[in-house]
Protein chains: 2
Amino acid sequence: MRRFAADRARRAVAASLRAASSYRSAAPSPLAPAPRYPAPPVGAAALARTMSTAAAGTPPVSLNTINPKVLKCEYAVRGEIVTHAQNLQQELQKNPDSLPFDEILYCNVGNPQSLGQQPVTYFREVLSLCDHPALLDKSETHALYSSDAIERAWQILDKIPGRATGAYSHSQGIKGLRDEIAAGIAARDGFHASGDNIFLTDGASPAVHMMMQLLISSEKDGILCPIPQYPLYSASIALHGGSLVPYFLDEETGWGLEVEELKKQLEEARSKGITVRALVVINPGNPTGQVLAEENQKKIVEFCKNEGLVLLADEVYQENVYAEDKQFHSFKKIARSLGYTDDDLPLVSFQSVSKGYYGECGKRGGYMEITGFSPEVREQIYKLASVNLCSNVSGQILASLVMNPPKAGDESFESFMVERDGILSSLARRAKALEEAFNSLEGITCNKAKGAMYLFPRLHLPQKAIGTAQAAGTAPDAYYAKRLLEATGIVVVPGSGFGQVPGTWHFRCTILPQEDKMPEIISRFKEFHEKFMDEFRD
Amino acid sequence: MRRFAADRARRAVAASLRAASSYRSAAPSPLAPAPRYPAPPVGAAALARTMSTAAAGTPPVSLNTINPKVLKCEYAVRGEIVTHAQNLQQELQKNPDSLPFDEILYCNVGNPQSLGQQPVTYFREVLSLCDHPALLDKSETHALYSSDAIERAWQILDKIPGRATGAYSHSQGIKGLRDEIAAGIAARDGFHASGDNIFLTDGASPAVHMMMQLLISSEKDGILCPIPQYPLYSASIALHGGSLVPYFLDEETGWGLEVEELKKQLEEARSKGITVRALVVINPGNPTGQVLAEENQKKIVEFCKNEGLVLLADEVYQENVYAEDKQFHSFKKIARSLGYTDDDLPLVSFQSVSKGYYGECGKRGGYMEITGFSPEVREQIYKLASVNLCSNVSGQILASLVMNPPKAGDESFESFMVERDGILSSLARRAKALEEAFNSLEGITCNKAKGAMYLFPRLHLPQKAIGTAQAAGTAPDAYYAKRLLEATGIVVVPGSGFGQVPGTWHFRCTILPQEDKMPEIISRFKEFHEKFMDEFRD
């Protein structure tokens, strides 16, 4: 497994590496795999190759000479299990009867269109027109595009200097599009928003990196992150050389986020010499699917205010709420409703076109809204944005569209709503069907997905399965995921990639396979799981 | 000026910052502004505010607490002068008669379409169709799109799993598109290329950052960079905490790159304890416009091979060669023609859709081709790519198009060639006109732009002008650029943003204003310059 090979290589070349954060190594880490498992042969072989090359002469680049932060970084969502799945897929293409299934089902990553979700027609019409503005002058265009999409494309082009969709934009993004996003935020929250506070980015990930780059100087800088967490955070913190300060979500209470736990972990980190800079909250939760209650959010805001932390609010699933008793509230709305202004609390909200009902992952659109930073610090954030010139303009346009979709009275409104509600209600049904299936099985318990796109069921594995996994040098949930893939073609991510209470085992599974496939997937899954339990039952 | 304010703040808060690279501070730096100029009042005021805030209590984020590498990073292409220009533009919009010109001419950045260059029709047709694949099934589409664009869109969609242009792709980019790019590289060079070696990225900048992140562990790691250089390199090295090891291009010989100079600087760096990891070569040159000769390139390859350096070849201007006696050769072609294989030399070639005749900056497409890295190191590069999931799919498609444009016999071929050659020949004429204009003036000398999109004229400023600039706390070329902007609306970047031989002064000016505007721009420039010289002549 990649994780173990990297871990082993890390230890072996320790002399040439910087010391790992003393904080992380002192605490029992919920992220790192337990080091007592022996490394698998493949890792050792790779290591031996590396070592001998290094000893032999002067290879310009080897694992010994590259940035140790890169080695340390892990990103399980696209890790070993996915590479294995891609290899099986190639095998299937060559020899369709070679495996006990006829397709790979990628439930590892929130990538709706890869599993057949159709893009929202109106959004694509507008993008298509903006890509080829010459169409707007032609009468035939009206036969192919809805009239409000044509009108919207004109409006967008008028916001772009010189109507040049092929030009670098302002490094924060096109001003007129940022203003439109701000208007969408204001309509959502009922509080003022400004386009000057928006930084458009290629999806939310670069925005997260930008903030980590700003806030982290060394391993003495800590970032409070939920466990389980989306591994972008652990990866970005590792790449920037900081310390991830974990706080545990409470599985018993539906992945509850308790402020007492935040306080406890903050104090523990401080007692170890860590300066905690920021708190990451993912709401709705990834991989855990919970939706925070307003009262809970208020306490979190007060906590950040009192402790002097930046609140990094990952709100990319803001449209993905399935429980009828739940509603999304942005942290900015909560902070403003408490009376806190721009002067009181540095707050960053991340949003993406990859999620919601639109699921436009390939377009790489997103933004962060930053409030509560001084002009001097904002200037530094702007400088970071400017080094990459700007985010892609199609993604910028799409971000402005998802924050201001068609309105009642627009020609496309009805068909748009049919598409939107069709996707969201189907996602809710799929979440429920999967959750019920998981909970019907021996050795699995699963909280409801109230939002987002994932379930994070817990595996109560027989001791014999745990022992077998450990003997194979792999974490028990990684072993389970590998066996699941090889038996069914279903790709899930082991819980160890997200972090979990030590000694517990989980996996993350998206709710994204199309509905007509769901019965068969569930039946394949059940069949596998029952056999697995039969094989290992204590 | 931003640079000076940052510099001053840096010194003042030095106690809380990591020590700057001893190498860079020991050597006379061609990049940093001379520290003897007094800081301007604005910088001091900002600093005082910061200091008092810091003293008053616990601001979560201030210049004292953010990552000092971010403070250290500078990116002049979008720096102070551009912010000033944007403010003037807003002033013009409010009050069109308030300034001695009626528009701002952004010659600061290679952004052709912002100055009126039209996108290539065929490329945009294909992108428009791929954004809205439903069009492909409609007969009316043939009235609006050329038939080979329709055919190409089908081919591209067939390369994308599930035809899902809205899905995250493989983290290196869509395999079929990478294969197409590899075929384009092979056709260009006459040597094999593999899609497995291509990493598609959002423009070339993220690819450069990825390599710097891989290669730099600390300030003891050095990267050889040309001076003058494109400031992405100095910015990225600063952000990753490495040391820029400068080598000087020889202005006397048309910005020649001498291997003797490389050797000298390498040895000097090594004597200071720097491990030099890589050599950056920009060919055709930015900001200097030279095109390297084949013999010269061979020596550079041998130098990297002998010294164990990674060759980072910025080849984004490969289509922009204007001198009839010059031709672009990729470094990979040169290395292969010398008989070096994948095992001999780690080599990275950066390419972008932002340059060439296409100039599609806003699309953020690009790639790097990496060869000569071990499987273990490649795996680490892949991991870095995977943390950001993938680059934008429209940019990926466009990268495959520019590397495989229409061919003879295709319906669009003739009109495509008219557009392409029209742009390239016009760029050549504009480069010549600007260069002749600069050379016609007292106190300016300018090498020919044989390639790329810039001229980098040298200012031989009167001592009185230098003294006035220094008294105002600004570098003399920054002072000149500011005065030029305020008198003419023309935005250029001071040479100090790129680095230059200490005591010499330059500016970078793109050749991108449209041809019909060129006579007036030249006349405005001449008028300003003559007055400036009259004002300051010793």
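Residues numbered from 1 in each chain as written. Chains lettered and ligands numbered in written order. Predicted model: local features only at pLDDT ≥ 70, side-chain atom pairs only at ≥ 80, totals over all residues. Heavy atoms only, no water.

If you look chain A up in an unreviewed UniProt entry, it shows as Alanine aminotransferase 2 from Panicum virgatum. UniProt annotates chain A under Function (unreviewed entry) with the comment "Transfer of C3 units between the cytosol of mesophyll and bundle sheath cells to maintain a nitrogen-carbon balance in the C4-dicarboxylic pathway." Taken verbatim from the UniProt record of chain A, the Cofactor (unreviewed entry) comment is "pyridoxal 5'-phosphate". (UniProt positions renumbered as here; feature names shortened; annotations may be inferred.)

J.: Go over helix H19 (residues 476–488) of chain B with me, naming the residues and quoting the values.
T.: Residue and element names in this part refer to chain B. Here H19 contains 13 residues, and its C-alpha end-to-end distance of 18 Å stays within 8% of the 18 Å for a straight helix at 1.5 Å per residue. Those residues of H19 lying buried are Pro476, Asp477, Ala478, Tyr479, Tyr480, Ala481, Leu484, Leu485 and Thr488. Taken from the residues just after H19, Gly489 is the one with a positive phi, measuring 80°. (Helix = DSSP H or I, 4+ residues; strand = E, 2+ residues; numbered from the N terminus. Expected span 1.5 Å × (residues − 1). Buried < 20%, exposed > 50% of the residue type's maximum accessible area, 1.4 Å probe, protein only.)

J.: Let's hear about the pattern of salt bridges: which residues, and what values?
T.: By the definition in use, this model includes 52 salt bridges over all chains. Close ionic contact of A:Arg420 with A:Glu319 constitutes a salt bridge, the shortest N to O distance being 4.0 Å. Linking A:Arg420 in helix H17 (residues 413–439) with A:Glu319 in the loop between strand S6 (310–314) and helix H14 (331–337), this pair joins segments that are 101 residues apart in sequence. What makes A:Glu319 partly exposed here is its relative accessible area of 23%. A salt bridge links B:Lys159 to B:Glu180, with the nearest nitrogen and oxygen atoms 3.5 Å apart. Separated by 21 residues along the polypeptide, B:Lys159 in helix H8 (residues 147–159) and B:Glu180 in helix H9 (residues 175–189) bring together distant segments of the chain. On the basis of relative accessible area, B:Lys159 is assigned to the partly exposed category, the value being 32%. A single network of salt bridges, built from pairs that share partners, joins A:Arg152, A:Lys159 and A:Glu180. (Salt bridge = Lys/Arg side-chain N within 4 Å of Asp/Glu carboxyl O.)

J.: Mind laying out the relation of the copies chain A and chain B, listing which residues take part and the relevant values?
T.: Mapping between the two chain copies consists of a rotation about an axis together with a translation along that axis. The transform that puts chain A on chain B rotates by 180° and translates by 0.0 Å along the axis, for an RMSD of 0.0 Å. Those values place the two copies in the arrangement expected of a two-fold rotation axis. Relative to the rotation axis, the closest C-alpha in chain A is found at A:Ser128, a distance of 2.1 Å. Comparing contact sets, 100% of the residues at the interface of chain A also lie at the interface in chain B, consistent with an isologous, same-surface contact. (Least-squares fit on C-alpha atoms with pLDDT ≥ 70 in both. Contact = heavy atoms within 4.5 Å.)

J.: Please set out the sheet that holds strand S3 (residues 221–227) of chain B residue by residue, giving values where relevant.
T.: Residues and elements named next belong to chain B. Overall, mixed pairing links the 7 strands, which are arranged S2-S8-S7-S6-S5-S3-S4 in an open sheet. Looking along the sheet, the strands with just one partner apiece sit at the ends: strand S2 (198–201) and strand S4 (243–248). Strand-to-strand, the axes of this sheet are offset by a mean angle of 20°, without reference to chain direction. In this sheet, strand S8 (residues 366–371) lies alongside S2 in antiparallel orientation, the contact comprising 4 bridges. When the bridges of S8 are listed, Leu200 appears paired with Tyr367. Across the sheet, helix H12 (residues 259–271) touches S3, S4 and strand S5 (275–282), and the angle it forms with S4 is around 150°. (Pairing = 2+ DSSP bridges. Axes fitted to C-alpha atoms, helices over the stretch in contact; angles between N-to-C directions.)

J.: Give me the lowdown on the packing of helix H6 (residues 121–131) of chain B against helix H16 (residues 393–402) of chain B, citing residues and values where you can.
T.: All names here are of chain B. Where H6 contacts H16, the two axes come as close as 10 Å, and the packing angle between them is 145°. Where H6 crosses over H16, the handedness of that crossing is right-handed. When H6 is examined against H16, the residues Tyr122, Phe123, Val126, Leu127, Cys130 and Asp131 are found in contact with a partner set consisting of Ser394, Ile397, Leu398, Leu401 and Val402. Looking at side-chain class alone, the contact of H6 with H16 contains 9 nonpolar, 1 polar and 1 charged residues. (Left-handed = near helix turned anticlockwise from the far one by under 90°. Nonpolar A, V, L, I, M, F, W, Y, C, P; charged D, E, K, R; others polar.)

J.: Before we move on, can you summarise the pairing of strand S5 (residues 275–282) of chain A with the specific residues and values?
T.: Residue and element names in this part refer to chain A. With 7 of its 8 residues buried, S5 lies for the most part within the structure. Inspection of the sheet shows strand S3 (residues 221–227) paired to S5 by 4 bridges, in the parallel sense. Directly across from Leu224, in S5, lies its bridge partner Leu279. Sheet topology note: the S5/S6 ladder contains 5 bridges and is parallel. In the sheet register, Val280 faces S6, and the bridge partner there is Leu312. Handedness of the S5-helix H13 (residues 294–307)-S6 crossover: right-handed. (Right-handed = clockwise from strand over helix to strand, strands pointing away.)

J.: If you had to explain the sheet that holds strand S2 (residues 198–201) of chain A to someone new, which residues and values would you point to?
T.: Residues and elements named next belong to chain A. Across the sheet, which stays open at both edges, the 7 strands sit in the order S2-S8-S7-S6-S5-S3-S4 with mixed pairing between neighbours. For this open sheet the edge positions go to S2 and strand S4 (243–248), each flanked by a neighbour on one side alone. In this sheet, neighbouring strand axes are inclined to one another by 20° on average, regardless of whether the strands run parallel or antiparallel. Bridge count for strand S7 (residues 347–352) against strand S8 (residues 366–371) is 6 bridges, and the pairing is antiparallel. Directly across from Leu347, in S8, lies its bridge partner Thr371. Contacts from helix H9 (residues 175–189) reach S2 and S8 within the one sheet, and its direction differs from that of S2 by about 115°.

J.: Describe the interface of chain A and chain B, with residues and values.
T.: Tallying the contact residues gives 94 residues for chain A and 94 residues for chain B. When the two sides are added together, the surface that chain A and chain B hide from each other amounts to roughly 7,800 Å², 54% of it contributed by carbon and sulfur. Where chain A packs against chain B, one counts 2 salt bridges. A:Lys363 serves as the salt-bridge partner of B:Asp131, at 2.3 Å between the closest nitrogen and oxygen. Inspection of the region where chain A meets chain B yields 38 residue pairs in polar contact (both at pLDDT 80 or more). (Buried area = accessible area lost by both parts, 1.4 Å probe. Polar contact = N/O pair within 3.5 Å; in protein donor to acceptor, adjacent residues only side chain to side chain.)

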